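Letter by letter, the chains look like this.
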Amino acid sequence: MISISSFAYKLKFKMKKRTKRILLILALALVSGIVYVFTYVPSLSKQHGVVETLLYLGDTDKQPLIVAFGGAEGGIDWHRNHMKGKRDSLIQKGYAILAIGYFNADGTPKNLDRISLDAISDTIMNIAKNPKIDESKIALIGGSRGGELVLNLASRFDHFNAVIAMSTSNVSFPAITWSSNTSSWTYKGEEIPYVPAPLKTISPALKGDLYTAHKMMLEDKEASKKAEIQVENINGAILILSGKNDDQWPASEMSDQLIKRLKSKDFKYYNKHIKLDGGHIAPLEHFNLVYDFLDKYLPTEVTKPVANTVYN
């Protein structure tokens, strides 16, 4: 006859064994889920290589072209109301503005994922054939991920003559997808090297602490070196603006690295990084610096304000 204490002991032993088995299964499921998330490659968008554009022209001839990009919010940022004043003032100075939406705009990929630099360049140069545009004078301007974009673009195509990168990075970061394991950009059909997002970035990212998440990514020095943007290949003057208290990523530190690289490569064109009081949008609050840069390195022949027209 089995005693009550012996029965209880055996029951307890079986329960412990079952609990361990359940915990092991849960752990394996969790690990499998994490592996899946970080190895899953999303299908390339059916809209890959498609960009949306809006061209703002003045009424003069031979207008230098300013190609303008937004950041991680997507859409055609330079078409939005908050950019109207800057857009209009540049047109009045004699510049044409090409506002580009490279993701999350009508007809474009939904996510910032493997965006084709070739497609963007081809689109710009096709539009630059407009008889009112001087295609020998093209400047790129972008902020945040758009700053990362314009540096990548200008470092690979020599038909761009000036670059303004605001709150930018010196490396390419991963795509903005739930798996974050593809590049943000492609060139000639190949993904551009990027700094990967390790597991530890999940916690700060979920909390909205993007600054910490980006700092964690940059701790991988080997990957960061491979992902550096080769800005020394840019065919013209470069202006970099950053806020000293950027809370999205370490823009000032990364911009310092850009200038350091340019100096080490004996870059022959004008280049300057200006650090501003303020955060991620500080460069937009000091746009006079952009006007001064363009006046000197991509001047127009306009002596009086001009009217403007918008083209899809």
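The following refers to the structure shown.

The rules we used
- Residues numbered from 1 in each chain as written.
- Predicted model: local features only at pLDDT ≥ 70, side-chain atom pairs only at ≥ 80, totals over all residues.
- Heavy atoms only, no water.
- Helix = DSSP H or I, 4+ residues; strand = E, 2+ residues; numbered from the N terminus.
- Buried < 20%, exposed > 50% of the residue type's maximum accessible area, 1.4 Å probe, protein only.
- Contact = heavy atoms within 4.5 Å.
- Areas by Shrake-Rupley, 256 points an atom, 1.4 Å probe, with all protein chains shown as cover.
- Pairing = 2+ DSSP bridges.
- Patch = residues over 30% accessible without salt bridge, like charges linked within 9 Å, V, L, I, M, F, W, Y side chains within 5 Å.
- Salt bridge = Lys/Arg side-chain N within 4 Å of Asp/Glu carboxyl O.

Some points on the overall build of the chain
Along its length, the chain carries nine helices and eleven strands. Put simply, the chain has 312 residues, and 48% of those count as buried. In the chain, of all internal contacts separated by at least 6 residues, the share reaching a separation of at least 24 is 75%. Carbon and sulfur atoms make up 55% of the accessible area of the chain, which amounts to about 16100 Å² in all.

Brief notes about the environment of Ala 139
For Ala 139, the position within the fold is in strand 5 (residues 133-143). The buried category is assigned to Ala 139, whose relative accessible area is 0%. Expressed as a C-alpha distance, the spacing of Ala 139 and Ala 237, which sit 98 residues apart in the sequence, is 9.3 Å.

A short note on the pairing of strand 5
Side-chain direction in a regular strand flips from residue to residue, so the side chains alternate between the two faces of the sheet. The buried fraction of strand 5 is high, at eight of eleven residues. Examined bridge by bridge, strand 2 (residues 63-69) and strand 5 share six bridges and lie parallel to one another. Across the sheet, residue Val 67 finds its bridge partner in strand 5, namely Leu 140. Here strand 5 pairs with strand 6 (residues 162-166) via five bridges, running parallel.

A closer look at a nonpolar patch on the surface
On the surface, Leu 199, Ile 202 and Leu 206 cluster together into a nonpolar patch covering about 310 Å² of accessible area. Looking at the element boundaries, Leu 206 is found in helix 5 (residues 202-206). Overall, Leu 206 belongs to the exposed group, its relative accessible area being 73%.

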